[in-house]
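Examination of the molecular architecture
If you want the building blocks of each chain, they are given just below.
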Amino acid sequence: MIRDITLGQYYPAESFLHSMDPRSKIVLTFTFILSLFLAKGAPGYGVAFLFLVLAIRASKVPPRFMLKGLKAVFMIILLTVFINLFLTPGGAVLFQWGVFKVTRTGLETAVFMALRLIFLIVGSSILTLTTSPISLTDGIEALLKPWEKVKVPAHEIAMMMTIALRFIPILLEETDKIMKAQMARGADFESGGLVKKAQSLIPLLVPLFISSFRRADDLALAMEARCYRGGEGRTRMKRLSYTRVDVAAALVVAAYLLALGLLARWL
Amino acid sequence: MEKMIVGEGLVFEYHQHNDAGEVEHIHRAIDGLDLEVRKGQFIAILGHNGSGKSTLAKHINALLVPTEGWMRVKGMDTREEGNVWKIRQHAGMVFQNPDNQIIATIVEEDVAFGPENLGVEPEEIRRRVDQSLDAVEMGEYATHSPNKLSGGQKQRVAIAGVLAMRPSCIIFDEPTAMLDPSGRKEVLDTALQLNRNEGITVILITHYMDEAIHADRVIVMDQGKIAFQGTPKEVFSRTEEMKAIGLDVPQVTEIAGRLKREGYDFPVDLLTIEEMVGAICRLK
């Protein structure tokens with residue numbers, strides 16, 4: 001059961017977005033996220049929505065995969081909506097019940113805030129759905145490279161991400177094994193309240209920690225044996241390169257930003 | 001023939017510290033050992049747990065440096081820090097646990113790890129990765145995730161990772177200890193084939209006696225010293241001495257020895273089943 005957890009939600013397909021360079025995808029996704037904070041009023045959000053629909057179509061990922069990401073943060077969205085709905089003063093009062101008061105501004109803020117969050121999450125899941133973890137790591141490393149001058153450990157961050165991606169499935173498998181071994185000897189992970197369940201995890205975590213330290217030790221030795229000595233003087237087999245696809249995507253995003261800017265001006 | 005690895009008067013001590021950080025106990029893992037390996041040889045090192053065989057292996061690629069004595073790989077002294085990376089490129093190492101030595105999430109990326117560290121040009125890395133994967137017959141898995149491979153396959157990926165660094169010598173540190181019989185055969189065959197066809201010097205550390213029978217020379221270690229060495233036939237015919245230090249001899253040799261003791265006219269230096277069959281047929 002524990003092995004069902006999939007890491008990174010990459011959806012393999014051949015599409016416009018899949019063929020983009022990871023660097024441009026990361027940069028453009030961030031641009032989109034920032035643009036959401038500039039969008040004003042219904043027309044602004046309308047343009048953002050159209051852009052998202054276009055992006056989803058260009059990714060060839062079924063929309064329900066995008067919505068999956070929303071499920072996890074549903075409570076947060078709900079909470080934001082309620083707080084904005086009841087606690088924003090100003091505007092005409094639409095509804096009042098005891099201390100709870102819903103104003104027109106409150107309603108507007110609540111709706112737009114919810115939309116902003118939803119767009120933000122869908123936008124970033126498009127990035128992770130169309131980019132494999134390994135090329136995402138490569139992209140992050142390449143983008144952070146210029147910052148190495150100000151001591152940002154770009155290579156180290158990327159190496160840590162790679163190793164984490166490699167070992168998470170192994171550790172999950174190991175957890176499963178230890179759990180089964182302990183269940184066979186009468187351990188109970190299922191029943192009891194939250195506190196009791198948490199307590200029953202301690203005998204699980206101790207061997208897991210010990211074995212991961214041992215693995216880390218082994219891995220460090222294996223890396224040194226293969227001449228690993230940090231990022232300096234290191235080359236990469238795969239070089240990232242921008243193609244026409246990236247130029248086209250950048251143009252589309254530029255057009256979107258322009259539309260958003262013009263709308264903000266007019267309104 | 002060219003000398004690949006030479007060690008003289010090797011001593012290595014592990015220091016055990018107590019809570020206060022003082023040295024509590026000194027353990028000599030290697031205790032005055034001489035070693036010489038020539039280019040292109042296939043050497044098997046046998047010994048039970050704690051005999052110092054893995055410690056010796058780590059000296060060959062400068063993961064450990066001797067406390068006393070010296071070790072030279074292709075003429076380069078392992079004690080000199082400037083030589084370390086060159087030595088590790090020349091003497092690659094395959095470890096016991098296949099999971100804990102694969103770094104990347106895609107097979108070909110992992111094979112590329114070594115040459116990337118050496119700063120090889122991208123086109124050349126690509127060429128080496130493809131060649132190395134073909135050499136271990138893992139070419140078709142180039143873009144797979146290592147998590148889905150069998151133990152033997154993972155070990156072959158690890159071998160390809162070492163090959164891509166173009167080593168002249170590969171040290172196998174109990175590469176088959178965690179594998180099933182078919183995985184063991186895959187790895188052993190790969191090691192043999194690299195030795196015979198590519199001329200790579202192989203040092204195989206193992207505690208499976210059957211894996212040592214193809215070696216040019218077998219070194220038996222006990223308590224940090226070389227107990228005795230020789231061709232597989234010489235070593236395994238000393239059944240009693242092997243048993244005295246807690247080691248077995250290959251099954252075939254064992255049976256041959258017993259038949260001899262029962263009074264049959266039988267050679268005792270048999271290693272393979274084929275030789276056994278031949279000897280039995282000659283019995284009369």
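Quick caveat, the model's predicted, so the values are computed rather than measured.

1. Focus on the overall build of chain B
Check the secondary structure of chain B and you find ten helices and ten strands. Against the 2.2 N^0.38 benchmark of 19 Å for 284 residues, chain B shows a C-alpha radius of gyration of 20 Å, consistent with a compact globule. Structurally, chain B occupies a C-alpha span of about 65 × 50 × 40 Å along its principal axes. Here chain B holds 284 residues, and the buried ones make up 56% of them.

2. Here we look at the overall build of chain A
Assigned secondary structure in chain A consists of nine helices and two strands. Overall, chain A shows an N-to-C arrangement of helices and strands of α-α-α-α-β-β-α-α-α-α-α. Here the C-alpha atoms of chain A give a radius of gyration of 24 Å, more than 25% beyond the 18 Å that 2.2 N^0.38 yields for 267 residues. Along the first, second and third principal axes, the C-alpha atoms of chain A reach 65 × 55 × 40 Å.

3. Notes on the UniProt feature "transmembrane region" (unreviewed entry) in chain A
The sites that UniProt annotates as "transmembrane region" (unreviewed entry) are residues 26-52, 72-99, 111-134, 154-172 and 245-264 of chain A. Between the end C-alpha atoms of residues 245-264 of chain A there is a gap of 29 Å, over a span that is 100% helix and 0% strand.

4. Observations concerning the sheet that holds strand β7 (residues 169-173) of chain B
All names here are of chain B. Taken in spatial order, the six strands make up an open sheet running β6-β7-β8-β3-β9-β10, and their pairing is mixed. What marks the edges here is a single partner per strand, and that holds for β6 (91-94) and β10 (225-230). Mean inter-strand twist for the sheet, computed between neighbouring axes without regard to direction, equals 20°. Strand direction decides the pairing type here: strand β9 (residues 217-222) and β10, joined by five bridges, are antiparallel. Directly across from Ile219, in β10, lies its bridge partner Gln229. Packed on one face of the sheet, helix α1 (residues 53-60) meets β3 (42-46), β6, β7, β8 (201-206) and β9 and runs near 155° to β8. Each of β6 and β7 touches helix α5 (residues 151-163); the most contacted strand, β6, lies at about 165° to it.

5. Concerning the environment of Ala216 of chain A
Looking at where Ala216 of chain A falls in the secondary structure, it is placed in helix α8 (residues 194-225). In the structure, Ala216 of chain A is positioned 49 residues away from Phe167 of chain A in sequence and 9.8 Å away in space, judged by C-alpha atoms.

6. Quick look at empty space enclosed by the protein
Under the definition given, this model contains two cavities of 30 Å³ or more. The calculated volume of the largest cavity comes to roughly 180 Å³. The wall of the largest cavity is formed by 15 residues, among which Met159, Thr162, Arg234 and Arg236 of chain A together with Glu109 of chain B lie closest to the centre. Counting only elements with at least two residues in the lining of the largest cavity, the list comes to α6 (133-144) and α7 (154-184) of chain A together with α3 (107-118) of chain B. Across the lining of the largest cavity, the residue classes tally to six nonpolar, three polar and six charged. Taken as a whole, the second largest cavity holds about 40 Å³ of empty space. Per-class residue counts for the lining of the second largest cavity are six nonpolar, one polar and one charged.

7. Some thoughts on the packing of aromatic side chains
A complete count under the given rule lists eleven aromatic pairs over all chains for this structure. Following the ring pairs from residue to residue traces out a cluster consisting of Tyr45, Phe49, Phe112 and Phe119 of chain A. The residue whose ring lies beneath Arg23 of chain A is Tyr242 of chain A, and the NZ or CZ to ring-centre distance is 4.1 Å. The ring of Trp85 of chain B has Arg88 of chain B lying over it, and the distance from NZ or CZ to the ring centre is 5.1 Å.

8. Remarks on the domain arrangement of chain A
Domains assigned within chain A are domain 1 (2-131 + 240-266) and domain 2 (157-225). Centre-to-centre separation of domain 1 of chain A and domain 2 of chain A, based on C-alpha positions: 35 Å.

9. Some points on the nonpolar core
Residue and element names in this part refer to chain B. Core analysis: the largest hydrophobic core is formed by 50 residues, its most contacted members being Phe236 and Met242. The leading source of residues in this core is α5, at six residues. Once residues lying within four places of it in the same chain are set aside, the contact partners of Met242 are Leu46, Met209, Val220, Phe228, Val235, Phe236, Leu247, Asp248 and Val249. Formed by 33 residues, the second largest nonpolar core is a distinct cluster that contains Met4, Leu35, Val37 and Phe95.

10. Some details on the confidence of the model for chain B
All names here are of chain B. On average, residues of chain B carry a pLDDT of 90, and 99% of them reach 70 or more. Predicted confidence in chain B is weakest over helix α9 (residues 251-261), with a mean pLDDT of 85, and strongest over α5, with 95. Interface predicted TM-score (ipTM) for the complex: 0.87; the corresponding pTM is 0.83.

11. Looking at the interface of chain A and chain B
Each partner contributes to the interface: chain A provides 28 residues, whereas chain B provides 40 residues. Buried area between chain A and chain B, both sides added, is near 3,200 Å², and the carbon and sulfur share of it is 55%. If you look at where chain A meets chain B, you find nine salt bridges. Two residues, Lys238 of chain A and Glu108 of chain B, come together in a salt bridge whose shortest N-O distance is 3.1 Å. Run the count over chain A and chain B and you get 18 residue pairs in polar contact (both at pLDDT 80 or more). When residues of the side of chain A that touches chain B are traced back to their parent elements, those giving at least two are α7 and α8 of chain A. Of the residues belonging to the side of chain A that touches chain B, the class tally is 15 nonpolar, three polar and ten charged.

12. Digging into the UniProt feature "domain: ABC transporter" (unreviewed entry) in chain B
The UniProt record marks residues 15-248 of chain B with the feature "domain: ABC transporter" (unreviewed entry), using the residue numbering of this structure. Secondary structure across residues 15-248 of chain B divides into 35% helix and 25% strand, with the first and last C-alpha atoms of the span separated by 31 Å.

13. Quick word on the pairing of β3 of chain B
Residues and elements named next belong to chain B. Burial analysis of β3 places five of its five residues in the buried class, which makes it a mostly covered element. Burial along β3 is two-sided: the face carrying Phe42, Ala44 and Leu46 and the face carrying Ile43 and Ile45 are both buried. The pairing of β3 with β8 spans five bridges and is parallel. Bridge pairing in β8 links Ile43 to Ile203. Bridge analysis of β3 against β9 gives four bridges, and the strand direction is parallel. Paired with Ile45 across the bridge in β9 is Ile219.

14. As for the pairing of β9 of chain B
The buried fraction of β9 of chain B amounts to six of the six residues, a majority that puts the element mostly inside the structure. Residue alternation in β9 of chain B divides its side chains into two sets, Arg217, Ile219 and Met221 of chain B and Val218, Val220 and Asp222 of chain B, and both sets are buried.

What counts, and at which threshold
Residues numbered from 1 in each chain as written. Chains lettered and ligands numbered in written order. Predicted model: local features only at pLDDT ≥ 70, side-chain atom pairs only at ≥ 80, totals over all residues. Heavy atoms only, no water. Helix = DSSP H or I, 4+ residues; strand = E, 2+ residues; numbered from the N terminus. Rg over C-alpha atoms; globule rule 2.2 N^0.38 Å. Buried < 20%, exposed > 50% of the residue type's maximum accessible area, 1.4 Å probe, protein only. UniProt positions renumbered as here; feature names shortened; annotations may be inferred. Pairing = 2+ DSSP bridges. Axes fitted to C-alpha atoms, helices over the stretch in contact; angles between N-to-C directions. Contact = heavy atoms within 4.5 Å. 1 Å grid on protein atoms, 1.4 Å probe; cavity = no way out; pocket = protein on both sides within 12 Å on 5 of 7 lines; lining within 4 Å. Points joined across faces, edges and corners; volume = space filled by probe spheres on them. Nonpolar A, V, L, I, M, F, W, Y, C, P; charged D, E, K, R; others polar. Phe/Tyr/Trp six-rings, centres within 6.5 Å; stacked < 30°, edge-to-face > 60°. Lys NZ or Arg CZ within 6 Å of the ring centre and 35° of its normal. Domains from an automatic or database assignment. Core = buried A, V, L, I, M, F, W, Y, C linked by side-chain atoms within 4.5 Å. pLDDT = per-residue confidence, 0-100. Buried area = accessible area lost by both parts, 1.4 Å probe. Salt bridge = Lys/Arg side-chain N within 4 Å of Asp/Glu carboxyl O. Polar contact = N/O pair within 3.5 Å; in protein donor to acceptor, adjacent residues only side chain to side chain.

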